[in-house]
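Overview (structure and organization)
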Amino acid sequence: GAHRAGRGGASGSAGMATATRLLDTMKREGKEPDAVSYTCFINVARKEGSREAVEGAFRAFRGLPSSKQMRNKHTYTSMIRALSSVGRWREAVGLLDGAREAGIRPDRIMYSVCMEAVGHDRDLVQELHRRMLQDGISDDSTTRKQLERVERYETSTLRRRESS
């Protein structure tokens, strides 16, 4: 929609500025932002699309108390998505453990977003998939496609090497 068209452009930057002002206004008026506020802020940063916006959201996220009122499953998922969108897959994968340490059980969406972000690394996709299954989370069509893709990629890469 309209948000995608402005990705990384003036309208995206304006959205990020508006989101930042909103959080600042809430704090000034004594209304502490909660997990919903921060999840929205992170999503605006991801849609804006720049590394700077996502880094600002990640700084805000890291500064949040680890209570579930401030960081919930949605906040973690949004931050994982945002980091993944700008190529910061190591931090995205690290948030799976961060969620677990905060008492939030990673779900299929968190795993799937991480698997997508590390799609260039067959071993890591397979490791994340193993962890997902160990957590008692079953595959869906998305996670199955992610596994099939890395297996095909690796196979086609090996064939090219052998034929050269």
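Small disclaimer: the values here were computed from a predicted structure and weren't measured.

Below, the discussion takes up the pattern of salt bridges. All told, the structure shown has ten salt bridges when counted by the stated rule. Salt-bridge contacts for Asp 97 lead to Arg 131; the nearest nitrogen and oxygen are separated by 2.7 Å. Of this pair, Asp 97 sits in helix α6 (residues 89-101) while Arg 131 sits in helix α8 (residues 122-134), placing them 34 residues apart in sequence. For Asp 97, a relative accessible area of 34% corresponds to the partly exposed category. Several salt bridges converge on common partners, so that one network encompasses Glu 55, Arg 59, Arg 62, Arg 88 and Glu 91.

The subject of this paragraph is helix α7 (residues 108-117). Extensive coverage of α7 is indicated by the burial of seven of its ten residues. Along α7, the residues classified as buried are Met 110, Tyr 111, Ser 112, Val 113, Cys 114, Met 115 and Ala 117.

So, about the packing of helix α5 (residues 73-85) against α7. For any two helices packed against each other, the geometry comes down to the angle between their axes and how far apart the axes lie. Their axes nearest at 10 Å, the elements α5 and α7 cross at an angle of 10 degrees. Here α5 lies roughly parallel to α7, going by the angle between them. Residues Lys 73, Tyr 76, Thr 77, Ile 80, Arg 81 and Ser 84 of α5 form the contact with α7, whose participating residues are Ile 109, Met 110, Val 113, Cys 114 and Ala 117. By residue class, the composition of the contact of α5 with α7 is seven nonpolar, two polar and two charged.

We now examine the packing of aromatic side chains. Scanning the model with the defined rule gives two aromatic pairs in all. Measuring from centroid to centroid gives 5.1 Å for Phe 61 and Tyr 76, while their planes differ by 85 degrees, and the two rings are edge-to-face. Separated by 15 residues along the polypeptide, Phe 61 in helix α4 (residues 51-62) and Tyr 76 in helix α5 bring together distant segments of the chain. There is no split in this pair, since Phe 61 and Tyr 76 are both buried. Every member of this aromatic cluster is reached through a ring pair, and the members are Phe 58, Phe 61 and Tyr 76.

Criteria and cut-off values
Residues numbered from 1 in each chain as written. Predicted model: local features only at pLDDT ≥ 70, side-chain atom pairs only at ≥ 80, totals over all residues. Heavy atoms only, no water. Salt bridge = Lys/Arg side-chain N within 4 Å of Asp/Glu carboxyl O. Helix = DSSP H or I, 4+ residues; strand = E, 2+ residues; numbered from the N terminus. Buried < 20%, exposed > 50% of the residue type's maximum accessible area, 1.4 Å probe, protein only. Axes fitted to C-alpha atoms, helices over the stretch in contact; angles between N-to-C directions. Parallel < 35°, antiparallel > 145°, perpendicular 65-115°, else oblique. Contact = heavy atoms within 4.5 Å. Nonpolar A, V, L, I, M, F, W, Y, C, P; charged D, E, K, R; others polar. Phe/Tyr/Trp six-rings, centres within 6.5 Å; stacked < 30°, edge-to-face > 60°.

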